[in-house]
Amino acid sequence: MDNRKKERYIIWLLWAGIFVYGGLCLYLFYMQSVQPLDYDNRYFQSDLPYHISMIIDDGWYYSFTAYVYQILYALAGEGTALIALFLAVVTVLCIVLTDRLLRLLAGRERTDALTLSGAFALNLVMAFFWPYAGQYRYVSYQSGNLWHNSTYQCMKLLALAAVIYYLKVEAGYRERVTLRQWAALAALLFVCTGIKPSFLTVFAPILAIKLLADLCRKVPFRQVFLLGSTVLPACGVVLWQNMVLFGEDTGHGIAFSPWYTFSLHANRTKLAVLCSIAFPLAVLLFSVWELFRDRRYLFAWGMTGLGFLEALCLVETGSRSRDGNFLWGYCFAIFLIFVLSFEKWRLLWRKREQGFLFKAGFAACGAVLAYQLFCGVYFFARLLTGETYFMVG
């Protein structure tokens, strides 16, 4: 069997695994959706039944997903099966777009076994579980992959699409930004923000810093303004969401409280934060020079740093003070830096002949990634049994 046929079979097997995973997600999301609205219930625990109830029972709309859920609920005869199917499709599409992003970073036109397997793995990895740092596999840490918050899952898909399209536009924006490019990127950011504003809060400020730096490098102001203005329609959505979530009659606000959210469930907070991004940090240790050579890599680390600062310092006041809603932007930034780090890890393999450092770096980073993948698969398997995401050990 030649190499092409072998790779084709591997890709088919990967797709089979991805569709099985999608089926398992369908089961998981359906079981989550039919749970009673009881905060003491710890069986298939998630935010999904509350999100559905807020729309169907309370008519409370703060996310574009509310309109989708309402339509699907009606089409299913006032049931939740189609909502679960929708979320399972979203989960699979996240793998498809992760593969597309990996191919864009590597300059490859077609899916191959490496990019598809990497995309699948990156959508399963969780934090580096270390009981000394945090006893709970999920809530003690932060992760770019989670299965209990439906608005995050939908935001993640649109955020991936926005990042991919942004990278394409950014590559040639110094010379030209077409109306179609501007409209498409603005629309992606608008819809993504309408689902959940968290991505915009970590993307837009880093984009502003990047554009200011480009302006200092003599990039024409018109081009800088055109790319930067794509976030303006999304900013309008944030104003609407702010009124819904933090209006005077809601009893909620925003406070400055460093380390509050991170310390809620971790045994040793700072160690838990490091364990959450163990693979990206390990890759950075062996590829720190890439920060000065690859602006995409630097941009992703900028988003991660800003997301961390937002989650570190900001908390909601009122009944949502312990919900950690300022973590969501950081969670997506973690996912993105895992993707960029996977590509840098692959480059360590290509440089292995240049010295022992690259060989050792590739092996060490690979071991960390393998363990974090095991942590994710193990966590997901236990979720399928109905276990709470407060699982210990």
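Here is what the cut-offs are and how they apply
Residues numbered from 1 in each chain as written. Predicted model: local features only at pLDDT ≥ 70, side-chain atom pairs only at ≥ 80, totals over all residues. Heavy atoms only, no water. 1 Å grid on protein atoms, 1.4 Å probe; cavity = no way out; pocket = protein on both sides within 12 Å on 5 of 7 lines; lining within 4 Å. Points joined across faces, edges and corners; volume = space filled by probe spheres on them. Helix = DSSP H or I, 4+ residues; strand = E, 2+ residues; numbered from the N terminus. Nonpolar A, V, L, I, M, F, W, Y, C, P; charged D, E, K, R; others polar.

Q: Would you explain the layout of surface pockets in this entry?
A: Regions of empty space are outlined by a rolling probe, equal in size to a water molecule, passed over the atoms. Size it by volume and the second largest pocket reaches roughly 400 Å³. Lining the second largest pocket we find 22 residues, and of these Lys-210, Arg-295, Arg-296, Leu-298 and Phe-299 sit closest to its centre. At the level of secondary structure, the elements contributing two or more residues to the lining of the second largest pocket comprise α6 (150–172), α8 (198–216), α13 (290–293), α14 (295–313) and α15 (328–350). Examining the composition of the lining of the second largest pocket, we find that seven residues originate from one element, α14, more than from any other. Among the residues making up the lining of the second largest pocket, the classes are represented as 15 nonpolar, one polar and six charged.

Q: Please clarify how empty space enclosed by the protein should be interpreted in this entry.
A: Enumeration over the complete set of coordinates arrives at six cavities of 30 Å³ or more. Forming the boundary of the largest cavity are Tyr-21, Thr-91, Cys-94, Ile-95, Asn-123, Asn-145, Leu-146, Trp-147, Tyr-152, Gln-153 and Lys-156. Listing elements by their share of the lining of the largest cavity, those giving two or more residues are α4 (81–106) and α6. Within the lining of the largest cavity, the residues separate by chemical class into six nonpolar, four polar and one charged. In this model, the second largest cavity occupies a volume close to 60 Å³. Around the second largest cavity sit His-51, Met-54, Ile-55, Trp-60, Tyr-61, Tyr-62, Ser-63, Thr-65, Ala-66, Tyr-69 and Thr-151, which together line it. Among the secondary structure elements, those contributing two or more residues to the lining of the second largest cavity are α2 (48–56) and α3 (65–75). Residues that form the lining of the second largest cavity fall into these classes: seven nonpolar, four polar and no charged.

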